[in-house]
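A structural walkthrough
The residues making up each chain are set out below.
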Amino acid sequence: MEGLIDLGRQDMDPSRRSVLGAGLFSVALTVPGWQNVVGRMEAFRENPKMRIGSAEVQAVSAMTERLSELDDDFGGRYARPMAADFLVNTVSPYLTADSPTETRKSMFSAAAFLCYLTGWMAVDEGAHRRAQQYYVRALGLADASGDHNTYCRVLRGMSVQAADLGHGAPAVRLANAAAEAAPESTPGMRAFMAGQQAHACALAGEKTNALTALREAERAVNQAESQVGTFDGFSSATLAYSTAEVRYALGDAKGSVEPLSDHFRLRDSTDSKRSEIKFNAMLTQRQLEIGHLEAACATWGLVLDAYPSIHSGRIDELVGRIAPLLRPYRSNSTAREIYGRSLEVTPL
């Protein structure tokens, strides 16, 4: 617990503590039954020996869900300090509070998912070592609670991080471990795991394994979409993105453009705003790579339109690449316009 608190405090700037507190209060306002949520949290702060129950677990889960939405809409740099504040000042004390055994296990599970989410935010900000620290804490909490579902999701998240950094072999090892640890065998979960296995194997040069995993993800998505229910975060749009990533990792830049374009056609209106900007920025680079300058500039225009609303180290990095990539094409009027716009907003 001390290690968890120390980790969270590193993400809390003392000079912004009042701002963070106000931000968390604003988040709580959007949670159903927020008055009861805030009231119970305040009561526990005043009396740390108070016995907690399922209401506190539900409050942590509801706040975590709202923080996840803020991360999707505005980026990790915006949401992570609030997540860390919530983890340190509210959730960590709950972990050692007096509670029934089942409540204690459920609280550990809720804390594990919050830790995982905070690590995901750190990845978005480019704080990869910090992200790994959160992920390891999340694994420990999930294991302690017997929450195998969150445990395998954290392993998959670690594989995604490794893949984004270009480390194929570790990405494969983590993706395979996540699939093996998955307690469910629903079509949605199989697709969720197989899609990441496919991307990781492609990065590692394991073409046969990559294509096999991609076909498994496709079968599972088709089966999931024929049933009533959720897709565990993996849908036809996600499959299109995974297909694009596999093709690109296998050296087929041209072949990756079509499925990445399909991803946007298939996206749901509730999908993450940050991922939309990120995937558009990736699409532009591939369009330029295969010689489609005008198309790349049109897509870059969409990225620059949306960029001011997001607070993401990953998006900063992608936007920062626009000017260097377009510099050789400034004789083209469209490219010159996008080049100028990118210089106006490129972060230092």
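Above: the structure in question.
Please read these numbers as outputs of a predicted model, since none were measured by experiment. (Residues numbered from 1 in each chain as written. Predicted model: local features only at pLDDT ≥ 70, side-chain atom pairs only at ≥ 80, totals over all residues. Heavy atoms only, no water.)

What follows concerns helix 4 (residues 54–74). Given a rise of 1.5 Å per residue, 21 residues ought to cover 30 Å, and the 30 Å separating the end C-alpha atoms of helix 4 matches this to within 8%. Every buried residue of helix 4 is listed here: Glu 56, Val 57, Ala 59, Val 60, Met 63, Thr 64, Leu 67, Leu 70 and Asp 71. Projection of helix 4 onto a plane perpendicular to its axis shows the buried side chains occupying an angular sector of 155°, all on one side. With respect to the buried face of helix 4, the exposed residues turned more than 90 degrees away are Gln 58 and Glu 65. At the exit of helix 4 stands Gly 75, carrying a positive phi of roughly 100°. (Helix = DSSP H or I, 4+ residues; strand = E, 2+ residues; numbered from the N terminus. Expected span 1.5 Å × (residues − 1). Buried < 20%, exposed > 50% of the residue type's maximum accessible area, 1.4 Å probe, protein only. Arc of directions from axis to C-beta.)

A few words now on the pattern of salt bridges. Considering all chains together, one arrives at 16 salt bridges under this definition. With its nearest N and O atoms 3.4 Å apart, the salt bridge here joins Glu 216 to Arg 190. With a gap of 26 residues between them, Glu 216 in helix 11 (residues 207–225) and Arg 190 in helix 10 (residues 187–203) connect regions that are remote in the sequence. Shared partners join several salt bridges into a network, and the residues in it are Asp 71, Asp 72, Asp 124 and Arg 274. (Salt bridge = Lys/Arg side-chain N within 4 Å of Asp/Glu carboxyl O.)

This next bit is on the packing of helix 1 (residues 2–9) against helix 5 (residues 76–95). Their axes nearest at 8 Å, the elements helix 1 and helix 5 cross at an angle of 165°. With respect to helix 5, the element helix 1 is oriented roughly antiparallel. By crossing handedness, the relation of helix 1 to helix 5 is classed as left-handed. Contacts between helix 1 and helix 5 involve Leu 4, Ile 5, Gly 8 and Arg 9 from the first element and Ala 84, Leu 87, Val 88, Ser 92 and Leu 95 from the second. Across the contact of helix 1 with helix 5, the residue classes break down as six nonpolar, two polar and one charged. (Axes fitted to C-alpha atoms, helices over the stretch in contact; angles between N-to-C directions. Parallel < 35°, antiparallel > 145°, perpendicular 65-115°, else oblique. Left-handed = near helix turned anticlockwise from the far one by under 90°. Contact = heavy atoms within 4.5 Å. Nonpolar A, V, L, I, M, F, W, Y, C, P; charged D, E, K, R; others polar.)

What follows concerns the side chain of Ser 99. Among the secondary structure elements, Ser 99 is positioned in the loop between helix 5 and helix 6 (101–125). By relative accessible area, Ser 99 is classed as buried at 14%. With residues near it in sequence (within four places) discarded, Ser 99 still touches Arg 51, Ile 52 and Arg 104.

Take the packing of helix 5 against helix 6 next. Two elements in contact, helix 5 and helix 6, have axes separated by 9 Å at closest approach and are oriented at 155°. The angle between the axes of helix 5 and helix 6 places the two elements in the roughly antiparallel class. Between helix 5 and helix 6 lies a crossing of left-handed hand. Touching Gly 76, Arg 77, Ala 79, Arg 80, Ala 83, Phe 86, Leu 87, Val 91, Tyr 94 and Leu 95 of helix 5 are Arg 104, Met 107, Phe 108, Ala 111, Leu 114, Cys 115, Thr 118, Met 121, Ala 122, Asp 124 and Glu 125, all from helix 6.

With 70 residues, the main nonpolar core has Leu 67, Phe 86 and Leu 141 as its most contacted residues. Counting residues per element, this core draws most heavily on helix 6, which supplies 12 residues. With 21 residues, the next largest nonpolar core counts Leu 293, Cys 297, Leu 318 and Ala 335 among its residues. (Core = buried A, V, L, I, M, F, W, Y, C linked by side-chain atoms within 4.5 Å.)

Mapped onto the elements, Asp 305 comes out in helix 15 (residues 293–306). Sequence separation between Asp 305 and Ile 277 is 28 residues, and the spatial gap between their C-alpha atoms is 9.5 Å.

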